[in-house]
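For reference, the chains in residue letters:
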Amino acid sequence: SKPECSDFFDVRTSDIDMNVHVNNVCYVRWALDAFSVGFLQKNTVREISASFLAEAKEGDRVGVCLVNEENQKYQATIIRESDGKELARVKIQL
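Residues numbered from 1 in each chain as written. Predicted model: local features only at pLDDT ≥ 70, side-chain atom pairs only at ≥ 80, totals over all residues. Heavy atoms only, no water.

1. A look at unusual backbone geometry
Excluding glycine, a negative phi dihedral is what most residues carry, and trans is how most peptide bonds are arranged. Phi at Val20 takes a positive value of approximately 65°, unusual for a residue other than glycine. With respect to the helices, strands and loops of the structure, Val20 is situated in the loop between strand E2 (9-10) and helix H1 (24-33). Of note in the backbone geometry, Gln72 takes a positive phi value of approximately 65° without being a glycine. Among the secondary structure elements, Gln72 is positioned in the loop between strand E4 (61-70) and strand E5 (73-80). (Helix = DSSP H or I, 4+ residues; strand = E, 2+ residues; numbered from the N terminus.)

Laid out in structure tokens, this is it:
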């Protein structure tokens, strides 16, 4: 199906780890934020796997594109606005 993409948003100070990059947990949180609360209340997340492809830093603007790949399987792709670079892929199984 066609990806649904969020508006771009700023990486926040609290997203940054000790290496001055976005903490890996943030990519997963951003992917889950692509779903509504109501959707997640009705559907249990059974499995999450993430591939980290490039680093985001403070000052970057990022967005999430969500695709329903097949029955209850979604892929969220996190991209950087400035260069379109794919930063992470998060697979979510409901």
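Having seen the model, we can carry on.
2. What to know about the state of the cysteines
The final tally for this structure, using the stated rule, is one disulfide. A disulfide-free cysteine, Cys26 has its sulfur positioned 18 Å from the sulfur of Cys65, the nearest such atom. Of the residues examined, Cys26 reaches a relative accessible area of 4% and is grouped as buried. (Disulfide = S-S within 2.5 Å. Buried < 20%, exposed > 50% of the residue type's maximum accessible area, 1.4 Å probe, protein only.)

No statement about biological role is implied by the geometric values presented.
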